[in-house]
Amino acid sequence: MTGITFSDKYRRIATEEAWAPQEMMDMYRDLYESGKLDDPGFSSLWGFYGSSNEPRPVTVRRKLADLDDERLHDMDAAGIDFAVLALTSPGVQVFDRDTAIRVASDSNDMVKEAVDRHPDRYAALCAVAPQAPEVAAQEIQRCQALGFRGIIINSHTHGEYLSDSKFWPIFEAAEALDMPVYLHPNTPPKAMIEPMLEVGLDGAIFGFGVETGLHMLRIITAGVFDHFPKLQFIIGHMGEALPYWMYRLDFMHNAQVTSKRYEALKPLKKKVSDYLKENVYITCSGMAWEPAVRFCQQQIGIDRTMYAMDYPYQYVLQEVIDLDNMAIPDAEKKMFYQDVAEKVFKLS
Ligand code: CA
């Protein structure tokens with residue numbers, strides 16, 4: 001233990017906490033070493049995390065696979081009361097259709113067992129294979145009945161985006177069952193990654209946020225929330241920069257739609273920023289930075305901004321101390337750490 005005493009004025013719920021079955025990481029390593037997958041982002045990410053013997057990837061691999069003693073010890077040491085577990089990126093989305101369906105189902109069964117062992121410490125998000133939207137919808141239904149509290153999708157699937165209506169059976173199930181969708185980053189697809197990869201900016205430092213922000217924006221501009229008005233998304237990393245862009249997104253979306261510049265850009269029922277404020281929750285995963293947290297609380301909503309640690313990729317105790325010390329009232333800190341997460345994931 002660290003000996004740090006954390007405030008007990010609220011329950012700290014961490015909402016973007018990664019895990020991975022050892023079998024899936026072994027499959028990643030085999031896939032990478034086979035050279036059969038033409039996905040430079042996957043090779044960049046899991047070529048490193050899956051095979052490197054540097055201290056950081058070795059530690060990350062061990063902590064990803066642990067759902068018991070080490071993880072609970074780390075949570076205790078950081079004052080984290082409760083974790084929402086999600087299958088790490090790229091999840092099953094890098095596999096072929098049938099493999100993805102099988103690994104999604106197996107990993108869901110495995111994390112369900114961990115939740116059952118530690119029901120006062122964990123909830124889990126359901127992994128699905130977007131490669132098979134109808135099967136994914138059935139898996140969402142199965143997982144909802146098992147007590148899962150949402151759905152994890154690690155951004156694009158082989159370069160395809162959920163803005164394509166062929167994926168919308170997933171949204172139909174999510175909306176009908178009131179299961180929020182956590183849209184987590186993946187490395188950018190082949191068509192996007194090269195200028196980032198050549199300078200080492202394709203991963204969590206920048207590429208993740210750009211690609212996931214684009215994905216969220218594609219979902220909004222495709223009219224997904226006009227079709228599924230009750231559907232709720234969650235995006236991490238302080239909203240993948242979209243809150244900061246809202247003014248320009250609204251102005252330019254209106255300008256381009258009015259001038260009919262793009263066939264693909266259709267009129268929407270609301271402003272782009274309205275969907276961010278009404279259909280999207282924001283977490284601070286990897287961005288424990290008070291000015292950004294407060295900006296999102298002010299502009300997206302204090303009832304839509306919540307805490308995440310991003311374990312084990314960013315396990316930094318000082319971040320919890322810094323967020324505990326934000327210059328906001330305790331009631332607002334409780335919203336941030338506890339109340340919003342309890343509402344979104346039905347944890348109370
Ligand atoms: Ca993460």
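Everything that follows concerns the structure shown earlier in this document.
Notes on the structure follow. Bear in mind the structure is a predicted one, so any value in this text is a computation, not a measurement. (Residues numbered from 1 in each chain as written. Predicted model: local features only at pLDDT ≥ 70, side-chain atom pairs only at ≥ 80, totals over all residues. Heavy atoms only, no water.)

Looking now at the overall build of the protein. Secondary structure assignment for the protein yields 16 helices and nine strands. At 19 Å, the protein has a C-alpha radius of gyration in line with the 20 Å of a compact globule built from 348 residues. The C-alpha extent of the protein, read off along each of the three principal axes, is 60 × 55 × 45 Å. With 348 residues in all, the protein has 57% of them scored as buried. Across the protein, contacts joining residues at least 24 apart in sequence account for 77% of those joining residues at least 6 apart. With an accessible surface of roughly 15100 Å², the protein has 54% of that area assigned to carbon and sulfur atoms. Charge centroids of the protein, computed over 35 positive and 51 negative side chains, lie 5 Å from each other. (Helix = DSSP H or I, 4+ residues; strand = E, 2+ residues; numbered from the N terminus. Rg over C-alpha atoms; globule rule 2.2 N^0.38 Å. Buried < 20%, exposed > 50% of the residue type's maximum accessible area, 1.4 Å probe, protein only. Contact = heavy atoms within 4.5 Å. Areas by Shrake-Rupley, 256 points an atom, 1.4 Å probe, with all protein chains shown as cover. Lys, Arg positive; Asp, Glu negative; His and termini not counted. Charge placed at Lys NZ, Arg CZ, Asp CG, Glu CD.)

With respect to burial, strand β1 (residues 13-19) is a largely interior element, seven of its seven residues being buried. Sheet topology places β1 next to strand β2 (residues 82-87); five bridges connect them, and they run parallel. Bridge pairing in β2 links isoleucine 13 to phenylalanine 82. (Pairing = 2+ DSSP bridges.)

We now examine the sheet that holds strand β5 (residues 151-153). Ordered by their spatial adjacency, six strands build an open sheet running β4-β5-β6-β7-β8-β9, and the pairing between neighbours is parallel. Looking at which strands have only one partner, the edges of the open sheet turn out to be β4 (126-127) and β9 (305-306). Pairing geometry for strand β7 (residues 233-235) and strand β8 (residues 280-283), over three bridges, is parallel. Among the inter-strand pairings, phenylalanine 233 is bridged to a residue of β8, identified as valine 280.

Right, let's get into the sheet that holds β2. The three strands are arranged β1-β2-β3 in an open sheet whose pairing can be described as parallel. One side of each edge strand has no neighbouring strand; the edge strands of this open sheet are β1 and β3 (122-124). The mean inter-strand angle of the sheet, taken between neighbouring strand axes irrespective of direction, is 30 degrees. (Axes fitted to C-alpha atoms, helices over the stretch in contact; angles between N-to-C directions.)

With that settled, the discussion passes to the coordination of the calcium ion. All of the protein donors around the calcium ion are Glu16 (OE), His184 (NE2) and Asp310 (OD); their distances to the metal are 2.1 to 2.4 Å. We note that the donor set of the calcium ion lies within a single chain, spaced as E-x167-H-x125-D. Taken as a pair, glutamate 16 in strand β1 and histidine 184 in the loop between β6 (181-183) and α8 (190-197) lie far apart in primary sequence, 168 residues in all. (Donors = N, O, S within 2.8 Å, 3.2 Å for Na, K, Ca; no water.)

Moving on: the environment of tyrosine 313. With respect to the helices and strands, the residue tyrosine 313 is situated in the loop between β9 and α15 (317-324). Remark: the alpha-carbon pair of tyrosine 313 and tyrosine 275, spanning 38 residues in sequence, is separated by 29 Å. Those residues in contact with tyrosine 313 that sit more than four places away from it in its chain are Ala18, Trp46, Tyr49, Arg56, Val60, Leu64 and Thr88.

Structurally, serine 163 can be placed in the loop between β5 and α7 (168-176). Overall, the relative accessible area of 13% leaves serine 163 in the buried class. Dropping the residues within four chain positions of it, serine 163 is found in contact with Trp168, Arg218, Ile219 and Ala222. At 3.0 Å, the side chain of serine 163 and the side chain of arginine 218 are in polar contact. (Polar contact = N/O pair within 3.5 Å; in protein donor to acceptor, adjacent residues only side chain to side chain.)

Take the nonpolar core next. As a rule of thumb, soluble globular proteins bury nonpolar side chains together. One finds Phe171, Met216, Phe233 and Tyr307 to be the most contacted residues of the largest nonpolar core, which totals 109 residues. Not counting residues up to four positions away in its chain, the partners in contact with tyrosine 307 are Ile13, Ala14, Thr15, Ile80, Cys284, Val320, Leu323, Phe336 and Tyr337. (Core = buried A, V, L, I, M, F, W, Y, C linked by side-chain atoms within 4.5 Å.)

On to the layout of surface pockets, then. To locate leftover empty space, one rolls a probe as large as a water molecule over the atoms. Taken as a whole, the largest pocket holds about 1000 Å³ of empty space. As for the largest pocket, its lining consists of 42 residues, and the residues nearest its centre are Ala204, Phe206, Gly209, His237 and Glu240. Ranked by the residues each element gives to the lining of the largest pocket, the list is headed by helix α9 (residues 207-221), at six residues. Here the lining of the largest pocket is composed, by residue class, of 25 nonpolar, twelve polar and five charged. Only α9 and α12 (242-258) provide two or more residues apiece to the lining of the second largest pocket. It is α12 that contributes the most residues to the lining of the second largest pocket, six residues altogether. (1 Å grid on protein atoms, 1.4 Å probe; cavity = no way out; pocket = protein on both sides within 12 Å on 5 of 7 lines; lining within 4 Å. Points joined across faces, edges and corners; volume = space filled by probe spheres on them. Nonpolar A, V, L, I, M, F, W, Y, C, P; charged D, E, K, R; others polar.)

Here we take up the side chain of asparagine 154. Within the fold, asparagine 154 resides in the loop between β5 and α7. On the basis of relative accessible area, asparagine 154 is assigned to the buried category, the value being 2%. Here histidine 184 takes part through its side chain, which lies 3.0 Å from a polar atom of the side chain of asparagine 154. When sequence neighbours within four positions are dropped, the list of residues in contact with asparagine 154 reads Leu87, Thr88, Ser89, Pro90, Gly91, Gln93, His184, Pro185 and Asn186.

Turning next to the packing of aromatic side chains. Within the structure shown, the criterion is met by 17 aromatic pairs. With a centroid separation of 5.5 Å and an interplanar angle of 85 degrees, the aromatic rings of tyrosine 49 and tyrosine 313 are classed as edge-to-face. Of the two residues, tyrosine 49 sits in helix α2 (residues 40-49) while tyrosine 313 sits in the loop between β9 and α15, which places them 264 residues apart along the sequence. By relative accessible area, which is 11% here, tyrosine 49 ends up buried. Relative to phenylalanine 228, the ring of phenylalanine 171 lies with its centre 6.2 Å away and its plane at 70 degrees, an arrangement referred to as edge-to-face. Here phenylalanine 171, found in helix α7, pairs with phenylalanine 228, found in the loop between α10 (224-227) and β7; they are 57 residues apart in sequence, far enough to count as distant. In terms of burial, phenylalanine 171 and phenylalanine 228 fall into one category: buried. Ring-pair connections join several aromatic residues into one group, and the members of that group are Tyr28, Phe42, Trp46, Phe48, Tyr49, Phe95 and Tyr313. Geometry around tyrosine 337 places arginine 12 over its ring, the cationic atom sitting 5.3 Å from the centre. In this arrangement the basic side chain of arginine 304 is found over the ring face of tyrosine 281, its NZ or CZ atom lying 4.1 Å from the centre. (Phe/Tyr/Trp six-rings, centres within 6.5 Å; stacked < 30°, edge-to-face > 60°. Lys NZ or Arg CZ within 6 Å of the ring centre and 35° of its normal.)

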